[in-house]
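Next come the chains, spelled out residue by residue.
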There are 4 protein chains.
Amino acid sequence: MGLFTTPSSKEHYIITHTTTYRVIYGDTDKMGFVYHANYFRWFEIARSEMFRHLGMPYKSIESRGFFLPLSEVHCKFNSPSQYDDILLIEASLDTSVKGMLKFDYRIFSEDGKKILAKGYTKHACVDRDGRVVRPPKFLMETIEKYRDSN
Amino acid sequence: MGLFTTPSSKEHYIITHTTTYRVIYGDTDKMGFVYHANYFRWFEIARSEMFRHLGMPYKSIESRGFFLPLSEVHCKFNSPSQYDDILLIEASLDTSVKGMLKFDYRIFSEDGKKILAKGYTKHACVDRDGRVVRPPKFLMETIEKYRDSN
Amino acid sequence: MGLFTTPSSKEHYIITHTTTYRVIYGDTDKMGFVYHANYFRWFEIARSEMFRHLGMPYKSIESRGFFLPLSEVHCKFNSPSQYDDILLIEASLDTSVKGMLKFDYRIFSEDGKKILAKGYTKHACVDRDGRVVRPPKFLMETIEKYRDSN
Amino acid sequence: MGLFTTPSSKEHYIITHTTTYRVIYGDTDKMGFVYHANYFRWFEIARSEMFRHLGMPYKSIESRGFFLPLSEVHCKFNSPSQYDDILLIEASLDTSVKGMLKFDYRIFSEDGKKILAKGYTKHACVDRDGRVVRPPKFLMETIEKYRDSN
């Protein structure tokens, strides 16, 4: 899909993956649109599916003793989402960031023509004892292998 | 408050505690009222405050190695709750139930005159290994002591 | 799918539909399993997809001036759901209930072999002014037409 | 409380208000801490209580035909929040921003000594027809009156 290929100006987007989501009633608030906090649940869905697409589900990272708690989140809302809308949620790993993980997100209308929201999440990497560590070698190697074969 | 005293027909309500909650925008949905699933968050708040009132915060039960996962939940909605409403959430321990824990809840309008919702939650008791066990002795004794002194 | 055909003892299940859901981190709580209130979000997803399957998306019911607020909910948890699990959520319209709408739900493990939870939701039917009315004719006719052709 | 007085370098914080919140089980996730999206619910609580403190509850702004949908949100997490923690959530109106509303937030540990998270939210102002408008005069006058009397 042309729309979602990596723009040349962002060469560090070696991994981009898009997931579909349908808005439920429980996502909305009395203004008639989606309550803002729920966008971060969708970012999680897209990020999670990207890890799976990479061949390394987030669950398998945890089972190897590493966790990726959020250290920073941001979202800009351009146009509201509504009940029963189908959304495309694109997650991209920003590999220009070192020592932690940063993901960029764009939420598109179903036809892919309109950007409804843009955001990012930053993640520390911690071990089982809660100590901040560098992202584990097996994860970085998986990312490099993916880049080399794409 | 006369309203919240135990009715004589429910002698097994030895512990009743009422907590106040103010409805936020994030609780509502596009129909303009509170999304039904959120009532169970409020039941949790009331149950939690009742444990604290009993002198046995739920956190201290967990730190002694016991957990109270939900096994069944129910709620009947009589009248909708709206944004910015102040609600009274009453939790009562139903001590007629043995081998597990059951709580009954009533949600009242701010003036205490209208019942907006009624429900219950049932909880198994499990130990650190996830095995179902009987409610621990220290918890039952705390409940009995409370009953004797009230 | 044999598993989900209507059992003969429940002839009033003329409409049964199953939806797939993958558990996200945001659904879980510190006990390591899914927070109970989130099951009702999943029931909504399944109910919503059943309306769509019926050819009558819930959104189209609202656009015709009718709303289906929840009047009662219930759920029994047999076995916990965990992060990243794929669940099958089955919604069935119980047409034996008159004057309102009742849906029964069963949540199955991905292989369809284990029932993780069972529940129901009851819905009043209200018009734009919030008055309780009987379910509209166009909805009942859609249900009958579906039954006759299946 | 000295801690929460406006620092002199931020003279545009003419309104600062702090609200208390206790973390519930439903706020946490399987990592054992609070799920990040929930911080924005808390920001809403603090923002809402600040409007009330100002003598202008958000509900009254809506009833006069103005809405404040979110246009941008940000949060930086310094230290995790845990189940049953009492948090202090400070909301400050940043009056240096024109044409829209911006709030800054800081979340403190119960003793006020540790900043757990910092963030902001930006809000457009829209009328009943969804058109973006300037913040209404009655709101700006309320803010100015508050500033002059404090």
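About the thresholds
- Residues numbered from 1 in each chain as written.
- Chains lettered and ligands numbered in written order.
- Predicted model: local features only at pLDDT ≥ 70, side-chain atom pairs only at ≥ 80, totals over all residues.
- Helix = DSSP H or I, 4+ residues; strand = E, 2+ residues; numbered from the N terminus.
- Buried ≥ 20, exposed ≤ 12 C-beta atoms within 10 Å, placed from the backbone.
- Contact = placed C-beta atoms within 7 Å.
- Nonpolar A, V, L, I, M, F, W, Y, C, P; charged D, E, K, R; others polar.
- Least-squares fit on C-alpha atoms with pLDDT ≥ 70 in both.
- Pairing = 2+ DSSP bridges.
- pLDDT = per-residue confidence, 0-100.
- Axes fitted to C-alpha atoms, helices over the stretch in contact; angles between N-to-C directions.

A. Structural view of the overall build of chain A. Within chain A, the regular secondary structure consists of three helices and seven strands. When the helices and strands of chain A are placed in sequence order, the string is β-α-α-β-β-β-β-β-β-α. For chain A, the C-alpha atoms occupy an extent of roughly 45 × 35 × 20 Å along the three principal directions. Buried positions account for 33% of the 150 residues belonging to chain A. For chain A, long-range pairs separated by at least 24 residues make up 67% of all intrachain contacts whose partners lie at least 6 apart in sequence.

B. Here's a closer look at the interface of chain B and chain A. Taken together, the contact pairs nine residues of chain B with nine residues of chain A. Class assignment for the residues of the side of chain B that touches chain A results in four nonpolar, three polar and two charged.

C. Just the relation of the copies chain B and chain A, in detail. For the match of chain B to chain A, the screw axis carries a shift of 0.0 Å, the RMSD comes to 0.0 Å, and the turn is 180°. Those values place the two copies in the arrangement expected of a two-fold rotation axis. In this assembly, 100% of the residues forming the interface of chain B have copies in chain A that are likewise at the interface, indicating an isologous arrangement.

D. Just the environment of G112(A), in detail. Here G112(A) is to be found in the loop between β5 (101-109) and β6 (115-123). As for G112(A) and S79(A), which are separated by 33 residues in sequence, their C-alpha atoms are 13 Å apart.

E. Region of the structure containing the relation of the copies chain D and chain A. It takes a turn of 180° to lay chain D on chain A, together with a shift of 0.0 Å along the axis; the resulting RMSD is 0.0 Å. Interface overlap between copies is the fraction of interface residues in one copy that are interface residues in the other; for chain D against chain A it reaches 100%, indicating a shared surface.

F. Highlighting the pairing of strand β3 (residues 70-77) of chain C. Inspection of the sheet shows strand β3 (residues 70-77) of chain B paired to β3(C) by five bridges, in the antiparallel sense. By the bridge assignment, C75(B) is partnered in β3(C) with V73(C). Where β3(C) meets strand β6 (residues 115-123) of chain C, seven bridges bridge the pair, whose relative direction is antiparallel. The residue bridging L70(C) from the neighbouring strand is H123(C), located in β6(C).

G. Spatial organisation of the confidence of the model for chain A. Chain-level statistics for chain A give a pLDDT mean of 92 and a share of 92% at 70 or above. Contacts of residues 1-9 of chain A to residues separated by more than four positions or lying in other chains number six contacts, the stretch itself having pLDDT below 50.

H. Seen up close, the sheet that holds strand β8 (residues 132-133) of chain C. Read from one edge to the other, the open sheet built from three strands follows the order β2-β7-β8 (chain C), with strand pairing classed as antiparallel. In this open sheet, the two edge strands, each paired with only one partner strand, are β2 (66-67) and β8 of chain C.

I. Here's a closer look at the interface of chain D and chain A. Listed as interface residues are 15 residues of chain D and, on the opposing side, 15 residues of chain A. Elements with a contribution of two residues or more to the side of chain D that touches chain A: α1 (38-53) and β3 (70-77) of chain D. Looking at the side of chain D that touches chain A element by element, the count peaks at eight residues for β3(D). Here the side of chain D that touches chain A is composed, by residue class, of nine nonpolar, three polar and three charged.

J. Layout of the sheet that holds strand β5 (residues 101-109) of chain C. Here ten strands make up an open sheet; going across it, the order is β1(B)-β4(B)-β5(B)-β6(B)-β3(B)-β3(C)-β6(C)-β5(C)-β4(C)-β1(C) and the pairing antiparallel. In this open sheet, the two strands that pair with only one neighbour each are β1 (13-22) of chain B together with β1 (13-22) of chain C. Taken over all neighbouring pairs, the strand axes of this sheet differ in orientation by 15° on average, direction set aside. The sheet strands contacting helix α1 (residues 38-53) of chain C are β1, β3, β4 (86-94), β5 and β6 of chain C, and the helix crosses β1(C) at an angle near 125°.

K. Spotlight on unusual backbone geometry. Its identity as a non-glycine residue notwithstanding, D84(C) has a phi of 75°, on the positive side. Considering the arrangement of structural elements, one finds D84(C) in the loop between β3 and β4.

L. Structural context of the environment of E49(D). Residue and element names in this part refer to chain D. Examined against the element boundaries, E49 turns out to sit in helix α1. Of the residues examined, E49 has 19 C-beta atoms within 10 Å and is grouped as partly exposed. Here the alpha-carbon distance between E49 and E90, two residues 41 residues apart in the chain, equals 9.9 Å.

M. Spotlight on the pairing of β4(C). All names here are of chain C. With seven of nine residues buried, β4 is to be regarded as a mostly interior element. Sheet analysis places β1 next to β4, joined by nine bridges and oriented antiparallel. Residue pairing across strands places I15 opposite L93, the latter belonging to β4. Summarising the sheet, β4 and β5 pair through seven bridges and their orientation is antiparallel. Bridge pairing in β5 links S92 to D104.

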